[in-house]
2 protein chains.
Amino acid sequence: MIIQRKGTFSVTNKVITISRQFGSGGRTIGKAVAARLGIPYYGKELVDAIAKESGFSHEFIEEIGEYASVTSSFLFNIAVSAHPMGLVDSMSVSDKLYICQTNVIRDLAEKGPCVLVGRCADFILKDRPDTLHIFIHSDMEHRAERIVRLYGETKQSPEKRLQDKDSKRKVYYKHYTNRNWGEAQNYDICLDSGALGVDKCVDIICDIAEME
Amino acid sequence: MIIQRKGTFSVTNKVITISRQFGSGGRTIGKAVAARLGIPYYGKELVDAIAKESGFSHEFIEEIGEYASVTSSFLFNIAVSAHPMGLVDSMSVSDKLYICQTNVIRDLAEKGPCVLVGRCADFILKDRPDTLHIFIHSDMEHRAERIVRLYGETKQSPEKRLQDKDSKRKVYYKHYTNRNWGEAQNYDICLDSGALGVDKCVDIICDIAEME
């Protein structure tokens, strides 16, 4: 399929991971790419599969699955006490969830062509030869406008919300991958969706994914 | 022209900066982009212009202009003692050279459409509205193969040469820009030339540069 790297070239698979800054339109781009290429998009379905594999709730997975630091939280404590394995197991809940995510993402990539958004899929599938890794980012101004338009206003300023998400995602990513969030060398392509526009990002990714 | 950002939109100019890891083919890509778009490419000509502006030799500019740390070197000392301003001026030679580079790069961008490779042009022109910023990188394997093919073997292994260049460029970039080298968010597009191939990188950049 797309790109040959460390491994065997294969025309039978086409897996695209999209990592993105919060508010950059990465999910919208991922969905549009999947629709145009006629392959599944795993966003909510990824959370469903992780919930099934892990036994944790959707809400918990969405809160912890990309943002957890090693600190505890209200949701974190509820999840631990409610989980069948409770506190007896020495592995942290965040670590257990990460392992479940890893298994689910590897299984989905194994099943066939798809678009996977977030959840360290870029790192989890880094040695898979037939995978295209994308990073979508944008400046604060474009992202702030986008999150207010899509999710509305909150007590916190959009800039503060973005800084908070950026910071948590960075810590989470570093913790589980030992890589720096947003480093160009971890991706085949990084695109500024604010400068280029969402549609152009979709065009570029599909064009590359369709390379022979 | 290309991309509207922080400033006034202009159809009269088209400036492309290409930052690149050593051995990633960034210069080759820059030359090909400039040729296809019919605009000047400033590689060696950039060194000529900096030499004229600064009074330093080509050799010194090539050695120090992207790699200097704050430590001194043989070339560095020769340049200082040979330079008309010698050691009496409190500003370091590296700083003087950086200021000359800044002036030359701004003047070239002001003159008209062009492709500028390296020398912190991405940072120097970061607030210029009609500028497209590109970062080209590749994995160690592709880069090692490329530098041996183009520049031949040396006593040092190609991996060691690359690590050395990467490290110096990173220090230089951080020193003068206070940004981290290779962070996706500093560029409109980052491309892995090893995974995508040099020709595809040229296609993508030209396609974006030609956006209306």
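All values reported here derive from a predicted model rather than from experimental measurement.

Turning our attention to the interface of chain B and chain A. Tallying the contact residues gives 23 residues for chain B and 23 residues for chain A. Where chain B abuts chain A, roughly 1900 Å² becomes buried across the two surfaces, and 58% of that area is made up of carbon and sulfur atoms. Looking at the side of chain B facing chain A, the largest losses of area belong to Ala184(B), Leu196(B) and Lys200(B), adding up to 22% of the total buried there. Across the chain B-chain A interface, the total number found is two salt bridges. Its salt-bridge partner being Lys200(A), residue Asp207(B) comes within 2.9 Å of it at the nearest N-O pair. Inspection of the chain B/chain A interface yields 13 residue pairs in polar contact (both at pLDDT 80 or more). For the side of chain B that touches chain A, the secondary structure elements donating two or more residues are strand 4 (131–137), strand 5 (189–192), helix 9 (193–196) and helix 10 (198–209) of chain B. Within the side of chain B that touches chain A, the residues separate by chemical class into twelve nonpolar, four polar and seven charged. Bridging between strand 5 (residues 189–192) of chain A and strand 5 of chain B involves three bridges; their strand directions are antiparallel. Note on strand 5 of chain B: the bridge partner recorded for Cys190(A) is Cys190(B).

Right, let's get into the nonpolar core. In terms of nonpolar packing, the biggest core is built from 64 residues, with Leu46(A), Leu116(A), Leu46(B) and Leu116(B) touching the most fellow members. If we skip the residues at most four places from it in the chain, Leu116(A) touches Val15(A), Ile16(A), Thr17(A), Ile18(A), Tyr42(A), Leu46(A), Ile105(A), Leu108(A), Ala121(A) and Leu125(A). With 48 residues, the next largest nonpolar core counts Ile16(A), Leu191(A), Val117(B) and Met211(B) among its residues.

Reading guide: rules and limits
Residues numbered from 1 in each chain as written. Chains lettered and ligands numbered in written order. Predicted model: local features only at pLDDT ≥ 70, side-chain atom pairs only at ≥ 80, totals over all residues. Heavy atoms only, no water. Contact = heavy atoms within 4.5 Å. Buried area = accessible area lost by both parts, 1.4 Å probe. Salt bridge = Lys/Arg side-chain N within 4 Å of Asp/Glu carboxyl O. Polar contact = N/O pair within 3.5 Å; in protein donor to acceptor, adjacent residues only side chain to side chain. Helix = DSSP H or I, 4+ residues; strand = E, 2+ residues; numbered from the N terminus. Nonpolar A, V, L, I, M, F, W, Y, C, P; charged D, E, K, R; others polar. Pairing = 2+ DSSP bridges. Core = buried A, V, L, I, M, F, W, Y, C linked by side-chain atoms within 4.5 Å. Buried < 20%, exposed > 50% of the residue type's maximum accessible area, 1.4 Å probe, protein only.

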